[in-house]
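Chain by chain, the residues run as shown.
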Amino acid sequence: MESSYDDDGYGRKAMTDVSLQELRDRLAEFAQVRGWEQYHSPRDLLLALVGGVGELSEIFQWKGEVEKGLPKWIIASAYCLTASDICATLLN
């Protein structure tokens, strides 16, 4: 799958249509530049994943049933950030 970039209206390029492999490669490069590979052992990634799932669970813990898409949720941005952290951990 080929990547394409669209202007997001702020002079930045927003990425669309990215394959999982390309995303994985970009995350690996991001970690390599920062020297984070030392923290990407199976044990450390598992603990990061468990922590992220715990954070996501906490958001929903006392909310009861929630509508699909999280309409009317002010905390939806925290949900999205936590979910993206979990996805990034899984891709490592």
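All of these numbers come straight from a predicted model, not from anything done at the bench.

With respect to the overall build of the chain
- Looking only at helices and strands, the chain has 3 helices and 2 strands in total.
- Seen in sequence order, the chain has helices and strands lined up from the N terminus as β-β-α-α-α.
- Per-residue burial over the chain gives 16% buried out of 92 residues.
- If you take every contact in the chain between residues at least 6 apart in sequence, the share linking residues at least 24 apart comes to 30%.
- For the chain, the exposed area adds up to about 7400 Å²; of that, 57% sits on carbon and sulfur atoms.

Description of the side chain of Glu-22
- Relative to the helices and strands, Glu-22 resides in helix H1 (residues 20-34).
- Side-chain polar atoms of Glu-22 contact the side chain of Arg-26, separated by 2.7 Å.

Some details on the pattern of salt bridges
- Scanning all chains against the criterion turns up 2 salt bridges.
- The salt bridge partner of Arg-26 is Glu-22, with a shortest N-O separation of 2.7 Å. Note that Arg-26 and Glu-22 are positioned in helix H1 at a spacing of 4 residues, about one turn of the helix.
- With a relative accessible area of 30%, Arg-26 lands in the partly exposed category.
- Linking Asp-44 and Arg-43 is a salt bridge whose minimum nitrogen-to-oxygen distance equals 2.9 Å.

Calculation notes
Residues numbered from 1 in each chain as written. Predicted model: local features only at pLDDT ≥ 70, side-chain atom pairs only at ≥ 80, totals over all residues. Heavy atoms only, no water. Helix = DSSP H or I, 4+ residues; strand = E, 2+ residues; numbered from the N terminus. Buried < 20%, exposed > 50% of the residue type's maximum accessible area, 1.4 Å probe, protein only. Contact = heavy atoms within 4.5 Å. Areas by Shrake-Rupley, 256 points an atom, 1.4 Å probe, with all protein chains shown as cover. Polar contact = N/O pair within 3.5 Å; in protein donor to acceptor, adjacent residues only side chain to side chain. Salt bridge = Lys/Arg side-chain N within 4 Å of Asp/Glu carboxyl O.

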